[in-house]
Amino acid sequence: MRDMAGLHLIQTYTSDSDEDRQEEEKKEDTAKIINKLALPESILSWKGVTHHEEIIDDPLNHDGRIRSFKHERGNWATLVYINYAASDCLRTWLNSVLKDLPVKGDVISKLHISLSRTLVLKYHWIESFTENLKLLCRKFSPFIVQLTDIRVYCNEEKTRTFLGIYCQNDDGTLKCLIEALDNLLAEYQLPLYYKDTSYHISFFWCLGDQRICLKKILPSLTHSLNVFLAENSEDNYLNVNEIQCKIGNKCYAFDLR
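Scoring rules and cut-offs
Residues numbered from 1 in each chain as written. Predicted model: local features only at pLDDT ≥ 70, side-chain atom pairs only at ≥ 80, totals over all residues. Heavy atoms only, no water. Core = buried A, V, L, I, M, F, W, Y, C linked by side-chain atoms within 4.5 Å. Buried < 20%, exposed > 50% of the residue type's maximum accessible area, 1.4 Å probe, protein only. Contact = heavy atoms within 4.5 Å. Helix = DSSP H or I, 4+ residues; strand = E, 2+ residues; numbered from the N terminus. Expected span 1.5 Å × (residues − 1). Arc of directions from axis to C-beta. Axes fitted to C-alpha atoms, helices over the stretch in contact; angles between N-to-C directions. Parallel < 35°, antiparallel > 145°, perpendicular 65-115°, else oblique. Left-handed = near helix turned anticlockwise from the far one by under 90°. Pairing = 2+ DSSP bridges. Polar contact = N/O pair within 3.5 Å; in protein donor to acceptor, adjacent residues only side chain to side chain. UniProt positions renumbered as here; feature names shortened; annotations may be inferred. Salt bridge = Lys/Arg side-chain N within 4 Å of Asp/Glu carboxyl O.

In terms of nonpolar packing, the biggest core is built from 64 residues, with Leu115 and Leu163 touching the most fellow members. Excluding residues that lie within four positions of it along the chain, Leu115 makes contacts with Val80, Tyr81, Ile82, Leu174, Leu177, Ile178, Leu181, Tyr193 and Ile243.

As for its placement among the helices and strands, Leu177 is situated in helix α5 (residues 173-187). Apart from the residues within four sequence positions on either side, Leu177 is in contact with Leu115, Leu136, Phe140, Phe143 and Ile243.

Helical geometry: 3.6 residues make up each α-helical turn, so side chains three or four residues apart lie on a common side. For helix α7 (residues 218-231), with 14 residues, the first-to-last C-alpha span of 20 Å sits near the 20 Å given by 1.5 Å per residue. Within the span of α7, buried status applies to Leu218, Leu221, Thr222, Leu225, Phe228 and Leu229. Here the buried residues of α7 occupy an arc of 125 degrees about the axis, which is enough to place them on one side. Opposite the buried face of α7, by more than 90 degrees, sit the exposed residues Pro219, His223, Ala230 and Glu231. Residues of α7 that are buried make contact with α3 (88-98), β5 (143-154), β6 (160-168) and α6 (211-215).

The geometry of α3 relative to α7 is characterised by a closest axis approach of 11 Å and an angle of 155 degrees between their N-to-C directions. Between α3 and α7, the angle is such that the two are roughly antiparallel. Crossing of α3 against α7: the hand is right-handed. Counted together, Cys89, Leu90, Trp93 and Val97 of α3 and Leu221, Ser224, Leu225 and Phe228 of α7 form the full contact between these two elements.

Alternating residues of strand β8 (residues 237-240) divide into Leu238 and Val240, all buried, and Tyr237 and Asn239, none buried. For β5 and β8, the ladder comprises 4 bridges, and the chain directions are antiparallel. Paired with Val145 across the two strands is Leu238, which belongs to β8.

A word on the side chain of His200. Tracing the backbone through its elements, the reader meets His200 in strand β7 (residues 200-207). Engagement of the side chain of His200 in a polar contact is seen with the backbone oxygen of Ser198, the distance being 2.6 Å. Polar contacts involving the side chain of His200 include one to the side chain of Ser202, which spans 3.3 Å.

Turning our attention to the side chain of Thr173. Structurally, Thr173 is set in helix α5. Apart from the residues lying within four places of it in its own chain, the contact partners of Thr173 are Phe140, Ser141 and Phe143.

A few words on the UniProt feature "active site" (unreviewed entry) in the protein chain. In the numbering adopted here, UniProt assigns the feature "active site" (unreviewed entry) to His112 and His200. Spanning 89 residues, the annotated positions come together in the fold, the maximum distance between their C-alpha atoms being 8.0 Å. As for its position among the elements, His112 is in strand β3 (residues 112-114). When its relative accessible area of 24% is taken as the criterion, His112 is described as partly exposed. Those residues within four positions of His112 in sequence are excluded, and the remaining contacts are Leu79, Tyr81, Ile82, Asn83, Tyr84, His200, Ile201 and Ser202. Within polar-contact distance, the side chain of His112 engages the backbone oxygen of Lys110 at 3.3 Å. The residues touching His200, leaving out its near neighbours within four places in the chain, are His112, Ile113, Ser114, Tyr153, Gly164, Ile165, Tyr166 and Cys167.

A few words on unusual backbone geometry. Here the phi dihedral of Lys158 falls at roughly 60 degrees; this positive angle occurs in a residue that is not glycine. Along the chain, Lys158 turns up in the loop between β5 and β6. Although it is not a glycine, Gln189 adopts a positive phi angle of roughly 55 degrees. Relative to the elements of secondary structure, Gln189 occurs in the loop between α5 and β7.

Turning to the pattern of salt bridges, a few remarks are in order. What the rule picks out here adds up to 4 salt bridges. In this structure, Glu156 and Arg117 form a salt bridge, with 3.0 Å as the shortest nitrogen-oxygen distance. Linking Glu156 in the loop between β5 and β6 with Arg117 in the loop between β3 and β4 (119-122), this pair joins segments that are 39 residues apart in sequence. The class of Glu156 is exposed, set by a relative accessible area of 54%.

Dropping the structure here:
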């Protein structure tokens, strides 16, 4: 009986020891997992915007301009356009006429001809959209647009007014390009280009609807432009060899055929 009692004690001790050992192993495994999951200090120090944080738009941060659509994570402001690199002579002319305008505003430094509205492109559409736009551009040959007169424009919200140089394309390539682009935008359920198309290079903008005020000086501005173009024939035309697309802060360029 004494031997049996001793054997029972040994078994009990052994069982207790195994449980203790298993408990220690669990603690060690848990510690290893935690160490593996822990983020490096370099990442922990990053500062970013919380995923669900609402971004409040403040017009004071961008000269009083108001966004035409609410900023949402995953949405990218997109514009398809033709870039226009103005000559030094044209820049000089623009500065000379802008200083005498009856309203206060700002010069537009990056000149272009818009081929779309400002679009809202989903992040997961970007790759396919740019690839399709690339294929679309390959279907069109380079073409020429002519600068003609000065016109005034206002955005749909009537929050900003623009002065622009109207651009004319005689062979119809630009019109066909817009139609093809509209078909592409329709596939993504994006808004099409304006029905009343007026291709132009905006060079000045001001806040509010200032069309009535600016229309009064259009004849004198157009006369001044025509005199300038007569003396600088190389600035009469723009050779279009590629189409640009800006998505967020990234710019793409697609060659025509």
